[in-house]
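Each chain, letter by letter, is given below.
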Amino acid sequence: MSHIEHTGYALAADQLLKDWQTVSAICKDNQINLRKPAYVEDGVAILFGSGSLYRNNQMWESEANWTEYIDMFKHLYTVRVAGKLLEEIAAQYHGKVGRLRYMVMQPKTCLTYHIDPEDIMRLHIPIITSEGAMFINDRQVDVMDQVGSVYKFNSTVKHTAVNASRIARVHLVASVYK
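Residues numbered from 1 in each chain as written. Predicted model: local features only at pLDDT ≥ 70, side-chain atom pairs only at ≥ 80, totals over all residues. Heavy atoms only, no water.

S.K.: Sorry, what's going on with the sheet that holds strand E2 (residues 31–33) here?
M.R.: The strands that make up a sheet are held in pairs by hydrogen bonds between backbone atoms, and each pair lies either parallel or antiparallel. With antiparallel pairing, 6 strands are arranged side by side in an open sheet as E1-E12-E9-E14-E7-E2. The sheet terminates laterally at strand E1 (4–10) and E2, the two strands that pair on one side only. Within this sheet the neighbouring strands show an average axis-to-axis angle of 30 degrees, counted without direction. Where E1 meets strand E12 (residues 149–153), 4 bridges bridge the pair, whose relative direction is antiparallel. Bridge assignment links Ala 10 to a residue of E12, and that residue is Ser 149. Each of E2, strand E7 (96–105), strand E9 (120–128) and strand E14 (169–177) is contacted by helix H1 (residues 13–26), which is oriented at about 90 degrees to E9, the strand it contacts most. (Pairing = 2+ DSSP bridges. Helix = DSSP H or I, 4+ residues; strand = E, 2+ residues; numbered from the N terminus. Axes fitted to C-alpha atoms, helices over the stretch in contact; angles between N-to-C directions. Contact = heavy atoms within 4.5 Å.)

S.K.: What exactly am I supposed to notice about the nonpolar core here?
M.R.: Within soluble globular proteins, side chains that are nonpolar generally end up buried alongside one another. Grouped together as the largest cluster of nonpolar side chains are 31 residues, with contacts concentrated most on Leu 11, Leu 86, Tyr 102, Leu 123, Val 150 and Leu 172. Of all the secondary structure elements, the ones that give two or more residues to this core are H1, helix H3 (77–92), E7, E9 and E14. Broken down by element, this core gets its largest block of residues, 7 residues, from H3. Leave out the neighbours within four places in its chain, and Leu 86 touches Val 97, Leu 100, Leu 123, Ile 125, Val 150, Leu 172 and Ala 174. In terms of nonpolar packing, the next biggest core, distinct from the first, is built from 7 residues, Ile 4, Met 105, Phe 135 and Tyr 151 among them. (Core = buried A, V, L, I, M, F, W, Y, C linked by side-chain atoms within 4.5 Å. Buried < 20%, exposed > 50% of the residue type's maximum accessible area, 1.4 Å probe, protein only.)

S.K.: Any chance you could explain the side chain of Asn 163 here in plain terms?
M.R.: Mapped onto the secondary structure, Asn 163 falls in strand E13 (residues 159–163). By relative accessible area, which is 0% here, Asn 163 ends up buried. At 2.9 Å, the side chain of Asn 163 forms a polar contact with the backbone oxygen of Ile 167. In contact with Asn 163, other than residues within four places in its own chain, are Met 105, Gln 106, Pro 107, Lys 108, Thr 109, Ser 130, Gly 132, Ala 133, Ala 168 and Arg 169. (Polar contact = N/O pair within 3.5 Å; in protein donor to acceptor, adjacent residues only side chain to side chain.)

S.K.: Would you mind going over unusual backbone geometry with me for this structure?
M.R.: Note: most peptide bonds trans; most residues except glycine with negative phi. Of note, Lys 108 is a non-glycine position whose phi angle comes to about 55 degrees, a positive value. Tracing the sequence through the fold places Lys 108 in the loop between E7 and strand E8 (109–110). Within the chain, Asp 138 stands out as a residue other than glycine whose phi angle is a positive 55 degrees. You can see Asp 138 is positioned in the loop between strand E10 (133–137) and strand E11 (140–142). Using a relative accessible area of 48% as the deciding quantity, one classes Asp 138 as partly exposed.

Put into structure tokens, the structure is as follows:
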């Protein structure tokens, strides 16, 4: 059984790539947030919560709190169009979008084998991918190989992401909470 499902929705891949190039020129982190919790000021928001939200095996910030777009990104197609579409898709699953971020996997890297919180579902949109980019979900290999397409990912099973290629893999990832 696959834990990845194509939602049937797709966005303009060229616009997504253009936005990624704009954002990545500003920040070189492997996770770049487009949204932030309301209490975080815009000046530090781009770096707030980059990476894992876990410290000492405890989640220190709920992804449901990420409700506001960072001002400097509001003009992007990714926020204006993709953000609205992701909200519509999330509503179909009786959820709301919380954290929205670019996730970059450098070449020849792998994440830990882990399980995400049960109240979170992920929507992934590949922006840059290759044959060597894959997920291992419950010991089954899956791919998200259509750039610009929106995929629903069940991250409540044990999983990891692998980039066994020579180029960075970039996804736009929305955390959907119920």
